[in-house]
Amino acid sequence: MPLWHRLVVVAVVMLITIAVARLIDRRIARRQLAPEAITRYRVARRSVTTAIVFVGLLSALLVIPQVRAVAGGLLASSAVLGIVVGFASQRTLGNFVAGLLIAFTQPLRLGDDVVVEDTPGVVEEIGLIYTFVRTEDGDRLVIPNEKLASDTIRNSTIRSREKVAEISIQVPLGRDVGAIVDRLRGLKEGADVFVGDLAGNVTLVIRAPAADEPAAERLERELRLRAHEVLRAEGVYA
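Residues numbered from 1 in each chain as written. Predicted model: local features only at pLDDT ≥ 70, side-chain atom pairs only at ≥ 80, totals over all residues. Heavy atoms only, no water.

**Description of helix H7 (residues 177-185)**
When we look at burial in H7, the residues that qualify are Val 177, Ile 180, Val 181 and Leu 184. Angular distribution of buried residues about the axis of H7 spans 100 degrees; they occupy a single face of the element. Here the buried face of H7 lies against strand E6 (163-171), strand E7 (192-197), strand E8 (202-210) and helix H8 (213-233). (Buried < 20%, exposed > 50% of the residue type's maximum accessible area, 1.4 Å probe, protein only. Helix = DSSP H or I, 4+ residues; strand = E, 2+ residues; numbered from the N terminus. Arc of directions from axis to C-beta. Contact = heavy atoms within 4.5 Å.)

Here it is as structure tokens:
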């Protein structure tokens, strides 16, 4: 096969490879996802695109006999080559694997507020090798993924969704506080009622678990209404 035929084949293979990589990248990027899913897809996009381009480039170059001859020689000494490449790229491969672990175990996600080595910032980008954190003054922390995967990170964004509804009510000091507390505990299953203060009046605090912030706000409104009914029944409020 003439050389120009081989060059045409290489060019066609590379064009097809780039087109496939871009098509897959656009299909993945088109989705509207939650922060945790976006983090996984960002890393997956880069990994898939890099793999496609690498395989396409390798396939295109193997069309040229001279390249195949060199590749055959390299494969013949693959054991030595593997050891050399392994030592040379140990840190890079470690960062790549750590990036995949971060993407799927998600100790941090895109947009999370984190503290890395006493420096607060926002996770801006999670790459295949490095993660970029934007600090409060606009600087960027460029952190190897391997370091993030092995160090302790404070993440202020990943919190439990469970909230606590809390209200406070005032009761005169002369009332039977113990009996009132017992009645108030029946307002909600799992509710905690305790004396918060004795300055002037008795301050009773009622706390009850809720599924999330909106549910906690609704429960607080219900607790105020029910507590008022109980206090009226006890004669605290006329």
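Structure shown, so let's carry the discussion forward.
**Quick notes on the pairing of strand E4 (residues 140-144)**
Two strands pair when backbone bridges link them, and strand E3 (residues 130-135) and E4 are joined in this way by 5 bridges, in the antiparallel orientation. Residue pairing across strands places Arg 134 opposite Arg 140, the latter belonging to E4. Once E3 ends, the chain turns through 4 residues before running back antiparallel as E4, passing Gly 138 with a positive phi of about 95 degrees. (Pairing = 2+ DSSP bridges.)

**What to know about the sheet that holds E8**
As summarised here, the arrangement of the 3 strands in space is E6-E8-E7, forming an open sheet in which the pairing is antiparallel. Edge positions in the sheet fall to E6 and E7, since each of these pairs with one other strand and no more. Taking each pair of neighbouring strands and ignoring which way they run, the sheet shows an average axis angle of 30 degrees. Direction of pairing for E6 relative to E8: antiparallel, over a ladder of 9 bridges. Considered in E8, the bridge of Ile 167 is made with Ile 206. Relative to the sheet, H7 contacts E6, E7 and E8, its axis offset from that of E8 by approximately 15 degrees. H8 contacts E6 and E8 of the sheet and is inclined by roughly 25 degrees relative to E6. (Axes fitted to C-alpha atoms, helices over the stretch in contact; angles between N-to-C directions.)

**Observations regarding a nonpolar patch on the surface**
On the surface, Tyr 130, Phe 132 and Val 142 cluster together into a nonpolar patch covering about 260 Å² of accessible area. Here Val 142 is to be found in strand E4. (Patch = residues over 30% accessible without salt bridge, like charges linked within 9 Å, V, L, I, M, F, W, Y side chains within 5 Å. Areas by Shrake-Rupley, 256 points an atom, 1.4 Å probe, with all protein chains shown as cover. Salt bridge = Lys/Arg side-chain N within 4 Å of Asp/Glu carboxyl O.)

**Quick notes on the pattern of salt bridges**
Considering all chains together, one arrives at 10 salt bridges under this definition. In this structure, the salt-bridge partner of Asp 151 is Lys 147, at a minimum N-O distance of 2.9 Å. Asp 151 sits in the partly exposed class, given a relative accessible area of 36%. For Arg 224, the salt bridge goes to Glu 220, with nearest N and O atoms at 4.0 Å. One end of the pair is Arg 224 and the other is Glu 220, both in helix H8 and 4 residues apart, which spans about a single turn. Overall, the relative accessible area of 45% leaves Arg 224 in the partly exposed class. You can call Glu 220 buried: its relative accessible area is 19%.

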